[in-house]
Structure formats: C-alpha cells, structure tokens
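# Secondary and tertiary structure notes
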Amino acid sequence: MAPRNGSAAKAVTFLPAGLSRDESQQLVEILQARLVSLIDLGLTLKHVHWNVVGPHFIGVHTMLDPQHARVNELVDQLAERITTLGGSPDGRPGSLVKQRTWDDYSLERDLVDAHLAALDKVYAGVIIAHRDGIRETEEIDPVTQDVLIEQTEDLEQFHWFVRAHLEDAGGRLVDSGDRSERTAAASARRETDSPKSSKRTHAKRR
C-alpha cells in the first residue's frame, strides 16, 4: 500500500505477535490517516464552540465541549494503537497540514444553524473515512477494526446530535443536497431568515 496523503510513512520498529511487517505497516498508515482526521475534528469543534452566535447559542456551545473532550480521547486511543503496532504516531501541526487532504474549516463567527450545517458535512466526511478504515482492516486485524467500529459509534451519535438541530418535523435536513460546508451553511442561513421559518418560530412561542 502506498503511503497515505502523500506522506512518507515511517517503518514500524517491531512486530506485534501474529502480524507481518507489511500488515503492521498497512495498519499504521490507515490509523495515521484517521488520527489526522480526528485531531482536525477536535480543533474544529473547539473553533465552532468559540464562534457560534445567535439564538440557541448556549445549548450548542455547551453541547460541543463533551464532543471535543471525547474526540480527544479517541485521538489518544488511535495514537496508542499505532504505537502498539510498532508505529510512531505523528500529531505535529506541520505534519497534520501536510498529511490532510482537505482545506481548513470554512466558517468563522457565524450563526448557530450555519455552523451546525457545516459540522454536518464535517462529521459525514470523518465517519465515511472511518467506515473505509473498518473495511480495510477487516481482513488484516479484527482488533484494530474493533477500535474503529467503537469510535464510529461515538462519532455517529455526535453526528445525530448535530443533525437533530437541522431537521424539521418531517425529518428533512435544511442542508439536504448540499455537498460543501459553505453551501450547507448558506442553506441554513436562508432557512433561518425565511418567512416560513419565522412563522414556525412564532407558532412554537404561542
């Protein structure tokens, strides 16, 4: 397997019992890619925590801190698994920028719904990549696969929390059909500013 994200993967230093050098190296490369993704997610969650404004600010502000804390635990879990496999986890800022294949989170100070719609896309991307990792590790190492399965369960729950703020009563997401953070955020802003949305809000207040 070629090194991921254009980075030169370091050779594993020792072999866990029952795994070949090639298998250990492949697992380390898979997990390093997931490590970069989760570190980026943790930083993004804290950035959103600091920059959400508008109605329902406090609920979302406080919802994101436990997610950030748990994602940091998942980061540590992956780093320790990489070490167990004989690899060297790389969490240096410069290395993260070199290894990732996506741009910085695109929103700064913005409305709650705009940030949540953008986070919807962030979580979807992380979960899809974790699921790819689950498939890639199935034949090589069920132990590593179990780690990714358990992490995906946590990530999917957090994704659900985010999406619950974006759904209407019929289950339609305000950012349905959007592919990027920016377009999803724009859809959420339009929905928030629309007369239909305003009527719904007044009806709830009565």
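The model shown is predicted, which means the values in this text are computed figures rather than measured ones.

### A look at the overall build of the protein chain
Secondary structure assignment for the protein chain yields seven helices and two strands. Of the regular secondary structure in the protein chain, the N- to C-terminal order runs α-β-α-α-β-α-α-α-α. Within the protein chain, the proportion of its 206 residues that are buried is 47%. For the protein chain, restricting intrachain contacts to residue pairs at least 6 apart in sequence, the fraction spanning at least 24 positions comes to 74%. Total accessible area on the protein chain stands at roughly 11200 Å², and carbon and sulfur atoms take up 52% of it.

### Quick word on the pattern of salt bridges
Under the counting rule described, the total for this entry stands at 15 salt bridges. Its salt-bridge partner being Asp 168, residue Arg 172 comes within 3.4 Å of it at the nearest N-O pair. Residue classification places Asp 168 among the partly exposed residues on the basis of a relative accessible area of 29%. Note that Glu 191 and Arg 172 form a salt bridge whose closest N and O atoms lie 3.7 Å from each other. With Glu 191 in helix α6 (residues 181-193) and Arg 172 in the loop between α5 (142-164) and α6, this residue pair connects regions lying 19 residues apart in the sequence. Looking at Glu 191, the relative accessible area reads 17%, which means it is buried. Residue class for Arg 172 comes out partly exposed when judged on its relative accessible area of 38%. Here the salt bridges do not stand alone but share partners, grouping Asp 120, Lys 121, Arg 163 and Asp 175 into one network.

### Some points on the side chain of Gln 145
Summarising the element assignment, Gln 145 is placed in helix α5. Of the residues examined, Gln 145 reaches a relative accessible area of 12% and is grouped as buried. When residues no more than four places from it in sequence are discounted, the contact partners of Gln 145 are Ile 134, Thr 137 and Glu 138.

### Brief notes about the nonpolar core
Counting 49 residues, the largest nonpolar core has Leu 38, Leu 41, Leu 116, Leu 119 and Leu 155 as the members making the most contacts within it. Counting only elements with at least two residues in this core, the list comes to α1 (21-51), α2 (57-84), α4 (112-137), α5 and α6. Top contributing element to this core by residue count: α4, with eleven residues. Once you skip the residues sitting within four places of it in the chain, Leu 38 turns out to touch Val 71, Leu 74, Val 75, Leu 78, Val 126, His 130, Gln 151 and Leu 155.

### Topic: α2
For α2, with 28 residues, the first-to-last C-alpha span of 41 Å sits near the 40 Å given by 1.5 Å per residue. Just downstream of α2, Gly 86 is the residue with a positive phi angle, here 95 degrees.

### What to know about the packing of α1 against α2
Running from N to C, α1 and α2 point in directions that differ by 160 degrees, and their axes come no closer than 9 Å. In this view, α1 runs roughly antiparallel relative to α2, as classed from their interaxial angle. Classified by chirality, the crossing of α2 by α1 is left-handed. Residues of the contact of α1 with α2, tallied by class, amount to 15 nonpolar, six polar and four charged.

### Examining the confidence of the model for the protein chain
When pLDDT is averaged across the protein chain, the result is 89; 89% of the residues are at 70 or more. The low-confidence segment residues 1-8 (pLDDT under 50) makes 17 contacts with residues lying over four places distant or belonging to another chain. Within the model, pLDDT remains below 50 along residues 195-206, and this stretch shows three contacts once partners closer than five positions in the same chain are excluded.

What counts, and where the lines are drawn
Residues numbered from 1 in each chain as written. Predicted model: local features only at pLDDT ≥ 70, side-chain atom pairs only at ≥ 80, totals over all residues. Heavy atoms only, no water. Helix = DSSP H or I, 4+ residues; strand = E, 2+ residues; numbered from the N terminus. Buried < 20%, exposed > 50% of the residue type's maximum accessible area, 1.4 Å probe, protein only. Contact = heavy atoms within 4.5 Å. Areas by Shrake-Rupley, 256 points an atom, 1.4 Å probe, with all protein chains shown as cover. Salt bridge = Lys/Arg side-chain N within 4 Å of Asp/Glu carboxyl O. Core = buried A, V, L, I, M, F, W, Y, C linked by side-chain atoms within 4.5 Å. Expected span 1.5 Å × (residues − 1). Axes fitted to C-alpha atoms, helices over the stretch in contact; angles between N-to-C directions. Parallel < 35°, antiparallel > 145°, perpendicular 65-115°, else oblique. Left-handed = near helix turned anticlockwise from the far one by under 90°. Nonpolar A, V, L, I, M, F, W, Y, C, P; charged D, E, K, R; others polar. pLDDT = per-residue confidence, 0-100.

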